[in-house]
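# Observations on chain architecture
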Amino acid sequence: GRKGPSCSLRALLRDVVRTVRVEVGKLAIFLAVMGPLFVLSMLVPGIGQAAYSLFGTLFTLSYFAVDYVDWPASRRGLGFRDRVALFRANTSSMLGFGAGVWFLLLVPFVNLFFMPAAVAGGTRLFLELEARRQGTQRLPEEAPALASAD
């Protein structure tokens, strides 16, 4: 398998700073998108609610996709811009994954047990997108159990 990053106080602090930057970036995007949509939905009856429903749903699908790909992206040391680039390069795959997560999280009681599957799915999606980016069409050798599931 692939060797993990070194474990030191410096590496830990670097990871903490990167994580805070990523989360602040996600929060800023959330506020920049959902804030105006919320105001629009209050100020313009009918059209505002329709815009909020449409764009809010698309944003939620995007947010779920980015959030569940977040763990393996953090492990690989990807920063905020790298994650945005990953989303832009693979928008349809990310939105499809986000839609599946969103739908299953809406189902009562299923959502309680679905979270681990969503994390595993996000990891698998990230590995497949990473393999595609590197020019290979299959998962890396470090995930033989996932590769044999196809």
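In what follows, the structure referred to is the one given above.
For the protein, the count of helices and strands is 7 helices and 0 strands. Going from the N terminus to the C terminus, the protein shows its helices and strands as α-α-α-α-α-α-α. Within the span of the protein, comprising 150 residues, buried residues form 29% of the whole. Counting contacts in the protein only where the partners sit at least 6 residues apart, residues at least 24 apart contribute 68% of the total. Of the roughly 9,800 Å² of accessible surface on the protein, a fraction of 69% belongs to carbon and sulfur atoms.

Right, let's talk about the pattern of salt bridges for a bit. Scanning the entire structure with this criterion turns up 7 salt bridges. For the salt bridge of D67 with K26, the shortest nitrogen-to-oxygen distance reads 2.8 Å. With D67 in helix α2 (residues 47-68) and K26 in helix α1 (residues 9-43), this pair connects stretches of sequence that are 41 residues apart. Its salt-bridge partner being D70, residue R83 comes within 1.9 Å of it at the nearest N-O pair. With R83 in helix α4 (residues 80-89) and D70 in helix α3 (residues 70-75), this pair connects stretches of sequence that are 13 residues apart.

Of note in this structure, F109 is not a glycine but carries a positive phi near 70°. Along the chain, the position of F109 falls in the loop between α5 (91-106) and α6 (110-133). Judged by relative accessible area, F109 falls into the exposed class, the value being 62%.

Attention shifts here to the packing of aromatic side chains. Two aromatic rings are characterised by how far apart their centres lie and by the angle between their planes. One pass over the full model with this rule turns up 5 aromatic pairs. With 5.9 Å between their ring centres and 50° between their planes, F30 and F59 make a pair best called tilted. Taken together, the positions of F30 in helix α1 and F59 in helix α2 put the pair 29 residues apart, joining distant regions of the chain. With a relative accessible area of 35%, F30 lands in the partly exposed category. Residue classification places F59 among the buried residues on the basis of a relative accessible area of 11%.

On the secondary structure map, S62 appears in helix α2. Residue class for S62 comes out buried when judged on its relative accessible area of 17%. In this structure S62 touches F87 and L95, once residues within four positions along its chain are discounted. Separated by 2.9 Å, the side chain of S62 and the backbone oxygen of L58 make a polar contact.

Packing of α5 against α6 brings their axes to within 10 Å, and their N-to-C directions diverge by 175°. Taken together, the axes of α5 and α6 are roughly antiparallel relative to one another. Seen from α5, the contacting residues are S93, M94, F97, G100, V101, L104 and L105; seen from α6, they are V110, N111, F114, M115, A118, G121, G122, L125, L129 and R132. Each residue belonging to the contact of α5 with α6 can be placed in one class, and the counts come to 11 nonpolar, 5 polar and 1 charged.

Further remarks concern α2. The terminal C-alpha atoms of α2, which comprises 22 residues, lie 31 Å apart, in line with the 32 Å expected from a rise of 1.5 Å per residue. The set of residues buried in α2 consists of G48, A51, G56, F59, L61, S62, F64, A65 and Y68. Buried-residue contacts for α2 involve α1, α3, α4, α5 and α6.

Grouped together as the largest cluster of nonpolar side chains are 17 residues, with contacts concentrated most on Y68, M94 and V101. When residues of this core are traced back to their parent elements, those giving at least two are α2, α4, α5 and α6. The residues touching V101, leaving out its near neighbours within four places in the chain, are F64, Y68, F114 and A118.

How each quantity is defined
- Residues numbered from 1 in each chain as written.
- Predicted model: local features only at pLDDT ≥ 70, side-chain atom pairs only at ≥ 80, totals over all residues.
- Heavy atoms only, no water.
- Helix = DSSP H or I, 4+ residues; strand = E, 2+ residues; numbered from the N terminus.
- Buried < 20%, exposed > 50% of the residue type's maximum accessible area, 1.4 Å probe, protein only.
- Contact = heavy atoms within 4.5 Å.
- Areas by Shrake-Rupley, 256 points an atom, 1.4 Å probe, with all protein chains shown as cover.
- Salt bridge = Lys/Arg side-chain N within 4 Å of Asp/Glu carboxyl O.
- Phe/Tyr/Trp six-rings, centres within 6.5 Å; stacked < 30°, edge-to-face > 60°.
- Polar contact = N/O pair within 3.5 Å; in protein donor to acceptor, adjacent residues only side chain to side chain.
- Axes fitted to C-alpha atoms, helices over the stretch in contact; angles between N-to-C directions.
- Parallel < 35°, antiparallel > 145°, perpendicular 65-115°, else oblique.
- Nonpolar A, V, L, I, M, F, W, Y, C, P; charged D, E, K, R; others polar.
- Expected span 1.5 Å × (residues − 1).
- Core = buried A, V, L, I, M, F, W, Y, C linked by side-chain atoms within 4.5 Å.

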